[in-house]
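# Reading the structure
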Amino acid sequence: MRQALGTFSLTLAATASLLGAALLVGGAVRADHRWMRLGRRCVAVVLVGAIGGVAAMEWALNTHDYTVRYVFDNVANATPRLYTVTALWGALEGSILLWGLVLALFIGASTWRFRHRGTDPIVAWATGVQLLVALFFFALMLGPADPFAATNSLVTPFDGRGPNALLQNHPLMAFHPPMLYAGYVGFTIPFSFAIAALVTGRFGEGWLADTRRATLVAWGFLTVGIVLGGWWSYEVLGWGGYWAWDPVENASLLPWLTATAFIHSVMVQERRGMLRVWNLSLVIATFALTILGTFLTRSGVIESVHAFSESDIGVWLLAFLAIVLIAALGLIALRGDALRTPGRIDSPVSREAAFLANNLLFAGFALVVLIGTVYPLLVEALRDRPVSVGEPYFRTMTTPIGIGLLFLMAVAPVLPWRATSSAVLRDRLLVPAVVGVATMAVTVLLGAHGVAQVAAFGLGAFGLAGIIRNFALGVRARKRAHGEGLARASTRLVRGNPRLYGGLIVHAGVVLLGVAIAASAGYSRQHEAQLARGESTVVGSYRVTYLGSEDRSTAQKSTVAARLKVERGGDDLGVYAPSISTFPNFTSAVGTPSVRTGWREDLYLSLSNTENDQGQIGLTVRVNPLILWLWIGGGVMLAGTLVCLLPKRREVIA
Amino acid sequence: MWRARMKRVRWVIAAVVCAGAIVFMVSQLGANLNYMEPVSKAVKQRESVGDKQIRIGGIVVPGTLATPARGGASFELAEGGVVIAVALEGTPHETVTNNPDGCAPVVVEGHWTGTTFAADRMLLKHGAEYDDDDHPIGDAQDDLDCNA
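Nothing here was measured: the structure is a model prediction, and the numbers come from that model. (Residues numbered from 1 in each chain as written. Chains lettered and ligands numbered in written order. Predicted model: local features only at pLDDT ≥ 70, side-chain atom pairs only at ≥ 80, totals over all residues. Heavy atoms only, no water.)

### Thoughts on the environment of Asn-77 of chain A
Residues and elements named next belong to chain A. Mapping Asn-77 onto the fold places it in the loop between helix H3 (69-74) and helix H4 (81-86). For Asn-77, a relative accessible area of 42% puts it in the partly exposed group. Separated by 478 residues in the primary sequence, Asn-77 and Ala-555 place their C-alpha atoms 8.7 Å from one another. Discounting residues that sit within four places of it in the chain, Asn-77 has contacts with His-64, Tyr-66, Phe-158 and Asp-159. Within the structure, Asn-77 has its side chain in polar contact with the backbone oxygen of Phe-158 (distance 3.0 Å). (Helix = DSSP H or I, 4+ residues; strand = E, 2+ residues; numbered from the N terminus. Buried < 20%, exposed > 50% of the residue type's maximum accessible area, 1.4 Å probe, protein only. Contact = heavy atoms within 4.5 Å. Polar contact = N/O pair within 3.5 Å; in protein donor to acceptor, adjacent residues only side chain to side chain.)

This is the structure we're talking about:
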């Protein structure tokens, strides 16, 4: 029943995608409004099919229908409810099913947003392209990634294998993957409008305005997804870090980099009509990188903690990627002459020049990460020799680019368009620059070392001072002009230009992230010790004493937790309990660190082994500075993105 | 005339900067490549590799893991009928330490010091089930009669 419902739903969604795309594209070509209207109605059917497919899978998962192979492979009778629900995106086929649902929701939202322009050719083409993308994913589910395939057994198994141990060990599993998918999938909307603009020849600024919110929504989801991924890595994997330049982490970062470049360069096109080809290329690159990321994650070509098992869909994804690139680049080549714009950058010290430099750095960052990620695949394909690119490559290459971006982020928002004078520059940059230099001096006096770290602290302060100055001047002007109080003036200032102030809030979040990354990468300390009961180890100002172990067993897992008393300067900070769990059906033990989070630093405790023959545990103690500010920075970026999405409040002048 | 010359100079500067960046990137890439070989192949290539940083994949031989109180670990790594001694700086993965009698498939990163492999990092593919008959680690698990 569930299998039949699921397969029927997916077939319905695929058929409606095909029919809708044909009607919309055909309608746009023939200028037939009736066809276009019919095509748009197909979107509702696609949405119903996608919801039906996910509902059927959740039904099967939660009723332990082991006749479905996916259910048998990914849940067990003892799997807690939360991880039974999240098993939907715990493996290849289910994750594609979620992808289909998120895509259908985005297409539905886009169709609703443009409901009054349903017969506009650019909207018809865009919706047609969206449905073609949906058709590809639903076809995958009806072919090589069938989530409703039956178990290869004549007898229905009485229990399943359960999710991968790592995927049932932390509630963040419920949030991190869906956020990433929402980010990935959301970029289908700007991509479809870029293609529609190229096809219809309307590649002015209209399509940019049409997709601004969709781009921001997708970017916001991807940002949150990446930050949550770092948090999950920190809280679950137990190695003490949050980013390992793992190929799949890189795959999520790549579209984020190009999308961030696009969000900035789009302003240059809106304001000056320049960078049309560049903006189209960035949107296409962002979408293509989401497909590449999907290929890296799901084809089994790379070994990673994130990679799903080997599957046949790699070749499908590669073919789809090739079609996307050939079609998009072909259209750009075809429209080459018409895309040229007469505008030019008047001065190297202007906002558009700063945005251009920022775009080059983002593109360089993406290129460095892309090459470091795919190079091992090329070497293995050509020489049949497994190889990996070490972390030092990524650190060495991306640190100067990151510093450059922090500098531009501090400077660009205060530069005027077209040109500036030295007096304006001095007026706008002097105070933030003094704050930045003073911060560098103070941090060095306090013991900071490392050029990159000190530069990051100084540029962070420079940027933050510029943002605060910008807000302060705006609020002061409102208070003087309207006699408003601080709270009302601040709110109205932001509501009057949410795009500018939301962007500045996002920048403040990036500053927090940049400073936290610099501090944690440069000043983390790690100590390993074998401790018997009653023995202590000292790391920095912390004394950690092993009190004893306790065992806990549930049907889901068996856990051994070590009780550790933590003291600092004679103050008792409490008992912490890092643990190691083993799960039925999985040979790998999973460590769960225990973290004492603080504003200044985290104390990170993880077990490498439970009591051995000598009664000693293996303990890794890390002191990680400013980690909390990473997650706060991510939250601030989300808040800024939400502000950017607010409608602009127009004031009535009496 | 002067403008055209300045434009050319700018393009030349941009080209030089780009070329320099590419050369730097390629040199960094080359310096940070870690080849991964199964134990049997790594032993054959020991002389030619010298003290370069490499990765070796194999199975931890049951009962060989030692974790001295001063830290670090030592164990034997096997694959293709060949066994090597590994001295690990740092902590072995909990899958290995908590299952000393099992056969954990691991990848160690480090360099050769004589016939011992000095590893500074241990990697492990979580939840890995090497069912593939052609996979060297899968074969090694069969050789060692592993239950993993």
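### Some words on the domain arrangement of chain A
When the parts of a complex come together, some accessible area is lost, and that lost area is often taken as the interface size. All names here are of chain A. Partitioning chain A into structural domains gives domain 1 (1-169), domain 2 (186-404), domain 3 (405-521) and domain 4 (525-629). For domain 3 and domain 4, the distance between their C-alpha centres works out to 39 Å. Listed by partner, the interface residues are 6 residues for domain 3 and 4 residues for domain 4. Both sides together, the interface formed by domain 3 and domain 4 hides about 430 Å², and carbon and sulfur atoms give 76% of it. For the domain 3 face of the interface with domain 4, the top three residues by lost area are Leu-512, Ala-516 and Ser-520, together amounting to 70%. Linking domain 3 with domain 4 are 0 salt bridges, by the criterion used here. Inspection of the domain 3/domain 4 interface yields 0 residue pairs in polar contact (both at pLDDT 80 or more). Split into classes, the residues belonging to the side of domain 3 that touches domain 4 amount to 5 nonpolar, 1 polar and no charged. (Domains from an automatic or database assignment. Buried area = accessible area lost by both parts, 1.4 Å probe. Salt bridge = Lys/Arg side-chain N within 4 Å of Asp/Glu carboxyl O. Nonpolar A, V, L, I, M, F, W, Y, C, P; charged D, E, K, R; others polar.)

### Description of the pattern of salt bridges
Per the counting criterion, the structure on display carries 22 salt bridges over all chains. In this structure, Asp-120 of chain A and Arg-117 of chain A form a salt bridge, with 3.0 Å as the shortest nitrogen-oxygen distance. Judged by its relative accessible area of 29%, Arg-117 of chain A falls in the partly exposed class. Between Asp-427 of chain A and Arg-469 of chain A there is a salt bridge, with its nearest N and O atoms 3.9 Å apart. Taken together, the residues span a long stretch of sequence, with Asp-427 of chain A in helix H16 (residues 422-445) and Arg-469 of chain A in helix H17 (residues 451-482) at a distance of 42 residues. Overlapping salt bridges bring together Glu-391 and Arg-395 of chain A together with Arg-55, Glu-109 and Arg-121 of chain B as one network.

### Details of helix H14 (residues 351-383) of chain A
All names here are of chain A. In this model, H14 (33 residues) spans 47 Å end to end at C-alpha, consistent with the 48 Å of a helix rising 1.5 Å per residue. The sharpest bend along H14 reaches about 35° and sits at Val-374, with the proline Pro-376 one to four residues further on. In the stretch just after H14, Asp-384 is the one whose phi turns positive, near 55°. (Expected span 1.5 Å × (residues − 1). Bend = angle between axes of the 7 residues up to and from the residue.)

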